[in-house]
Amino acid sequence: MEPLYNVKEVPELKPQEFKPGGGLFGTGWMTAGANNISLFPVPQANTVGTNSIHNAITLISFPGKRMSMDNYFKNAVDDIRGGGIYIPVISKDIIGLGQVRRFMTFDFKKKTHRKHRIAMSISEDILKIAVADVRQNLFLFEIEGHRGKSPDAWDTESSLLLMDLSAERPKLIKEIPMGDAVVWSVVGDKNFLRNFSEKNPNLQVYDMNLEPSQHPLADEINKHKGNIDFMRIYVHPVLPIAILTGGKQGATLIRWRSDKNSAPTPLITRAKQFSFSPDGKWITFQVGSLPDAKTYLMPVSEKYPNYLGSPIMLLDDYFNDNKSAWATNPTSFVGSSGESLYRWDLENQDFPGKGKMSFHDYVVQEDLKKLTKEKRQGLGK
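Residues numbered from 1 in each chain as written. Predicted model: local features only at pLDDT ≥ 70, side-chain atom pairs only at ≥ 80, totals over all residues. Heavy atoms only, no water.

S.K.: What is the right way to look at helix α2 (residues 216-223) in this model?
M.R.: At 3.6 residues per turn, the α-helix brings residues three or four places apart onto the same side. Within α2, burial applies to Leu217, Ala218, Glu220 and Ile221. The buried residues of α2 occupy an angular sector of 160° when the element is viewed end-on, so they sit on one face. Buried residues in α2 make contact with β14 (182-187), β15 (190-195), β16 (203-207), β17 (232-235), β18 (241-247) and β19 (250-255). (Buried < 20%, exposed > 50% of the residue type's maximum accessible area, 1.4 Å probe, protein only. Helix = DSSP H or I, 4+ residues; strand = E, 2+ residues; numbered from the N terminus. Arc of directions from axis to C-beta. Contact = heavy atoms within 4.5 Å.)

S.K.: Looking at this model, I keep getting lost on the packing of aromatic side chains. Mind explaining?
M.R.: Here a ring pair, both rings aromatic, is described through the centre-centre distance and the interplanar angle of the planes. Under the counting rule described, the total for this entry stands at 21 aromatic pairs. Relative to Trp344, the ring of Phe319 lies with its centre 6.2 Å away and its plane at 70°, an arrangement referred to as edge-to-face. Of this pair, Phe319 sits in the loop between β24 (312-315) and β25 (324-327) while Trp344 is found in strand β27 (residues 340-345), placing the two residues 25 residues apart along the sequence. One exposure class covers both Phe319 and Trp344, and it is buried. Geometrically, the ring pair formed by Trp326 and Phe333 is tilted, given 5.1 Å between the ring centres and 55° between the ring planes. No difference in accessibility class separates Trp326 from Phe333, as the two residues are buried. The ring of Trp184 has Lys128 lying over it, and the distance from NZ or CZ to the ring centre is 5.3 Å. (Phe/Tyr/Trp six-rings, centres within 6.5 Å; stacked < 30°, edge-to-face > 60°. Lys NZ or Arg CZ within 6 Å of the ring centre and 35° of its normal.)

S.K.: Is there a simple way to explain the environment of Ser68 in this structure?
M.R.: If you trace the backbone, Ser68 turns up in strand β5 (residues 68-72). Residue Ser68 is classed as partly exposed on the basis of its relative accessible area, which comes to 22%. It is 43 Å that separates the C-alpha atoms of Ser68 and Val205, two residues lying 137 residues apart in sequence. Discounting chain neighbours no more than four positions away, the residues touching Ser68 are Leu59, Ile60, Ser61 and Pro63.

S.K.: Explain the sheet that holds β27 to me, please; I cannot follow it from the model alone.
M.R.: Two pairing modes exist for strands in a sheet, parallel and antiparallel, and in both the strands are linked by backbone hydrogen bonds. Spatially, four strands are ordered β1-β27-β26-β25 in an open sheet, and the strand pairing comes out antiparallel. What marks the edges here is a single partner per strand, and that holds for β1 (16-18) and β25. Averaged over all pairs of adjacent strands, the angle between strand axes in this sheet comes to 20°, irrespective of strand direction. Across three bridges, β1 lies against β27 in antiparallel orientation. Across the sheet, Phe18 pairs through a bridge with Leu341, a residue of β27. (Pairing = 2+ DSSP bridges. Axes fitted to C-alpha atoms, helices over the stretch in contact; angles between N-to-C directions.)

Treat this as a map of the structure, not an account of what it does.
Here is the structure:
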């Protein structure tokens, strides 16, 4: 089956570009350890965050056509530069950041921070973090550590831990051993685990308390498991669609609503690193192998037969993991590459009909006209 889309001869959307020349990033940019900086989402409007500069949580905002930077929690803890494990915004005031064996939260309203040692052994590291219950301060951590009795230094295994961080010392609530070949994905309020050491493994589902559960996406994936190959799952925040990547087929679209075709559909060859915008109206991704990968955007709408619109090129370049993030109010995509920051404001664009409709609705409208004219995806019959 041919993929729904390719990325040849696609339209382009130019970014704003900001360079660190003239001391824009200060000396902290040079001491961040790399030419580009890590980025993560924050609750503030029109803003992304980084911990790569000045040993602080730095908020990068974009008033008008400018870029502004403000440091918070400077020197509040020992050096936090050098990347981390980033998670979605915890609440309207709080963000979280994991590094090696510790997890830190920063409360902008109360101007306080907390630091927790999660991985107790020096042979263990935090691989991934998710919020389980904000009100009860429960978090999920994937911990990788050396298999104790093995003489091989690279022989590791993982566990999924449910931790209570409401007190000064973390409290382990529940643990699920994951071995060395289990991939963990958070899908809404569910946890998906798949053991790739098994032949045609089923996708297992747990709730946020790590109790067995169910989800229609898992049912669809397990039903078609012999025909799809994947390592990562990217799920839309509202619509019943997910994109599977990391397998031989490239990116695969899967749906689970009865009035839509639920069969897995090849989406784009060699596509990876997908990211849905917080409002669910856009998705970014990369196509190709490093160092020649490029960055693209697609609109998302129920008006499409397959929910996803035609690709738009953002940049003839790529962003490494943790080097891009979404901002809200307005919805914007921000990436760090080389010595530049790039920003795409997906609300304030010039286009025919501006003032009568949103930029997103205009893109979808024109794209559907094109797909109908070309009689693609069942349109224009």
